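# Architecture at a glance
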Amino acid sequence: MEYRCVDRGSLRCPCTLMEAGQCYTCTMSREGKCDCSESWQGVCPYNEFLQRGCETVLKDGLPEEFDAEVLGIKKYSEQLFVMRFAVSRGFAWRCSCPGSFITVSSLGCRVPLSVLRTGWGMEENDSQGWIEIAVQPAGPKTMKLTESGSETETETEPWERLRAYGRYRKIAGPFEAGILNRDRLSPKEPLAVIAKGTAIAPFINMRGGVLSQTQVKLLVDDDKLTEDFLADYLCDCLWEKVSLAENEEKALAAIDGAAWVMLLASPYYTERILGMRPERKNDIITANHANMCCGAGICGACSYTDKDGVTVRRCRCID
């Protein structure tokens, strides 16, 4: 199996994995011999590493956190919140990349969350941007994250009235491995999107970008999503409701009728559907939510060792 890193040749390369001799895309760092594919036409990470005096790009291996103002927290239900942060225009633009996610600090931990939507001013002198993330309070970290301490917060209050919110969270990123096989996206061919719950976030973030000219058939399992949320984020989009637990046939029919498929669900449903259509494995773009950890391959929570004994960090890996 040939692996590649989403950060290879970027401003985050070479990283700490290169320094430790564990870069899974560079055999030079692991074994002392180059085994790069002929398809690679970018900068050699190992040569870059040597030219930097064998130093990595990022201090401590992780992108530095910064304080981002919380412009508002919109409560859709006890199980669904959306947070909007003020960021620079450049940061917001980078977060519009397919599969982008950020980390938000809570209780001393970095919590990975998919970018839901981004925006920035169109005037030349406007450097302000914003990003939104959807949060499902499921444990101490995410429950603490959505605490506002604001008496002005209500379920229906518009974002404009929340600009005086004035609290901050430490965020870092963006990371770009929230979607696997995103290079399979083809704007010229029909795409079926099957999404369950807040895993729909990457699709919403991509709608105004790479998918703006794509013919999309959207099926949504609205588990833990509310009518207000769907009205806010899918108001100008045609979609159909599906229950992946009770009506798999509808999802399979959509897969059979499309050239490409984006499957945004938990690993359980993803593996279940792929098991029913193994012949479509090379046509399917999937969510990487289960492996979104530190985003830099350092914590090891997403480590996977293949049959050849190669250990990869799936928060950054694409095969």
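Our structure's up above, just so we're on the same page.
Residues numbered from 1 in each chain as written. Predicted model: local features only at pLDDT ≥ 70, side-chain atom pairs only at ≥ 80, totals over all residues. Heavy atoms only, no water.

Turning our attention to the overall build of the chain. If you tally the helices and strands in the chain, you get 9 helices and 16 strands. For the chain, with 319 residues in total, the buried portion stands at 48%. The contacts in the chain between residues at least 6 apart in sequence include a share of 68% that link residues at least 24 apart. Looking at the chain as shown, the accessible area adds up to about 16,200 Å², and 48% of this sits on carbon and sulfur atoms. (Helix = DSSP H or I, 4+ residues; strand = E, 2+ residues; numbered from the N terminus. Buried < 20%, exposed > 50% of the residue type's maximum accessible area, 1.4 Å probe, protein only. Contact = heavy atoms within 4.5 Å. Areas by Shrake-Rupley, 256 points an atom, 1.4 Å probe, with all protein chains shown as cover.)

What follows is about the layout of surface pockets. Empty pockets left among the atoms are what a rolling probe the size of a water molecule brings to light. Considering only enclosed or pocket space, the largest pocket measures out at about 1,500 Å³ in volume. Taken together, 48 residues line the largest pocket, and the ones lying closest to its centre are Ala287, Asn288, His289, Ala290 and Asn291. At the level of elements, β5 (109–120), β6 (128–135), α5 (140–145), α9 (267–276), β13 (284–287) and β16 (317–318) are the ones that each hand at least two residues to the lining of the largest pocket. (1 Å grid on protein atoms, 1.4 Å probe; cavity = no way out; pocket = protein on both sides within 12 Å on 5 of 7 lines; lining within 4 Å. Points joined across faces, edges and corners; volume = space filled by probe spheres on them.)

Attention shifts here to the side chain of threonine 226. Here threonine 226 lies in the loop between β10 (216–221) and α7 (227–233). Setting aside residues up to four positions removed in sequence, threonine 226 forms contacts with Tyr76, Ser77 and Leu80.

Time to look at the sheet that holds strand β12 (residues 260–264). Two modes of strand pairing occur in sheets, parallel and antiparallel, and in both the strands are linked by backbone hydrogen bonds. Across the sheet, 6 strands lie side by side as β8-β13-β12-β9-β10-β11; this open sheet has mixed pairing. Where the open sheet ends on each side, the last strands, each with one partner, are β8 (179–180) and β11 (239–241). The sheet contact formed by β8 and β13 spans 2 bridges and is antiparallel. In the sheet register, isoleucine 179 faces β13, and the bridge partner there is alanine 287. Helix-sheet contacts for helix α8 (residues 248–256) involve β9 (191–196), β10, β11 and β12, and the interaxial angle to β10 is about 160 degrees. (Pairing = 2+ DSSP bridges. Axes fitted to C-alpha atoms, helices over the stretch in contact; angles between N-to-C directions.)

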